[in-house]
Every structure is written in C-alpha cells, then in structure tokens.
Amino acid sequence: MSIKLKRNTGIMGGATRIIVKADSKKLTSLKQNEETLVDLPEDQAKITANQWFLGSKPTSVKDGDNVVVRMNNSALLLYIISMVALFTGLFTSNLIILIIGIVLIFITTIFAIKNWFVVNVES
C-alpha cells in the first residue's frame, strides 16, 4: 500500500521537521511544504504526526490516500491567547492576568500533546 504525504503547517508549525508515524513506527520526516510517497506494509494504518512533544490524533488511511498534515487552528488560537495574556500580565504587573496566562499556557501544552497537528485524508 502506498500513500502520498504532504506537510502544510504554515509559519507556526514550520520550525523543524515533523515525524510521521504509522502504527507507532516511523515512516518519514517532512519539512514545510514537502511531499513524499510512502509505502506501508498493511492495507490500512493509523497515521500520526509529531514534532517534539506536540502531536496529532491518529487518522486511518488506506491505499492511494492523499494525506495532508496541517496545524490545528484551535491549538494555534489557544497558544496566541495564552501568550497575549502572559505578556499583558508581565508588562502591566497585573497578577490576575499573569496567572490566567500561566494557566492558559499549561492548558495549551496539555491540549497540544495530541492536537497540535491535524492529519487529513483528502480525496
């Protein structure tokens, strides 16, 4: 079985290569806007994408699928809101906003472990 993989994560997700795994085994690593054709030993597999501790939920793929790895817009929005709250609290010396920013960063980190990327199967 072979599938076509493409990474399209934009600026925020483009720092380093992402590792694409099928059933917890490394298939390949992709740079931003890179495409590759990957052969899988099974007829169906579950694909995940990881970058450091950031990851994605598993997505089932089958022979001939076009798979695109993208940023999760919800995770990105949560990250931006947490950074704005953190820096606003730091620069204004407002302890409540600072604590909200720290809590949001913690929530963002937990959320991003399995939701930073979205693996989509396109037809």
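Below or above, wherever it landed, is the structure these notes cover. As the structure is a computational prediction, the values presented were derived from the model and not from experiment.

Structural notes on the pattern of salt bridges
Item 1. For the structure on display, the rule yields five salt bridges.
Item 2. The residue E35 makes a salt bridge to K4 at a minimum N-O spacing of 3.2 Å. Linking E35 in strand β4 (residues 35-39) with K4 in strand β1 (residues 2-7), this pair joins segments that are 31 residues apart in sequence.
Item 3. For E35, a relative accessible area of 41% translates into the label partly exposed.
Item 4. For E34, the salt bridge is made with R17, and the minimal N-O distance between the two is 3.8 Å. Taken together, the residues span a long stretch of sequence, with E34 in the loop between β3 (25-30) and β4 and R17 in the loop between β1 and β2 (18-22) at a distance of 17 residues.

Here we look at the sheet that holds β1
Item 1. Strand order in the open sheet made by the four strands is β4-β1-β8-β9, with mixed pairing throughout. The strands lining the two open edges of the sheet, one partner per strand, are β4 and β9 (117-122). Looking at each pair of strands side by side, their axes are set apart by 25 degrees on average, direction ignored.

Rules behind the numbers
- Residues numbered from 1 in each chain as written.
- Predicted model: local features only at pLDDT ≥ 70, side-chain atom pairs only at ≥ 80, totals over all residues.
- Heavy atoms only, no water.
- Salt bridge = Lys/Arg side-chain N within 4 Å of Asp/Glu carboxyl O.
- Helix = DSSP H or I, 4+ residues; strand = E, 2+ residues; numbered from the N terminus.
- Buried < 20%, exposed > 50% of the residue type's maximum accessible area, 1.4 Å probe, protein only.
- Pairing = 2+ DSSP bridges.
- Axes fitted to C-alpha atoms, helices over the stretch in contact; angles between N-to-C directions.

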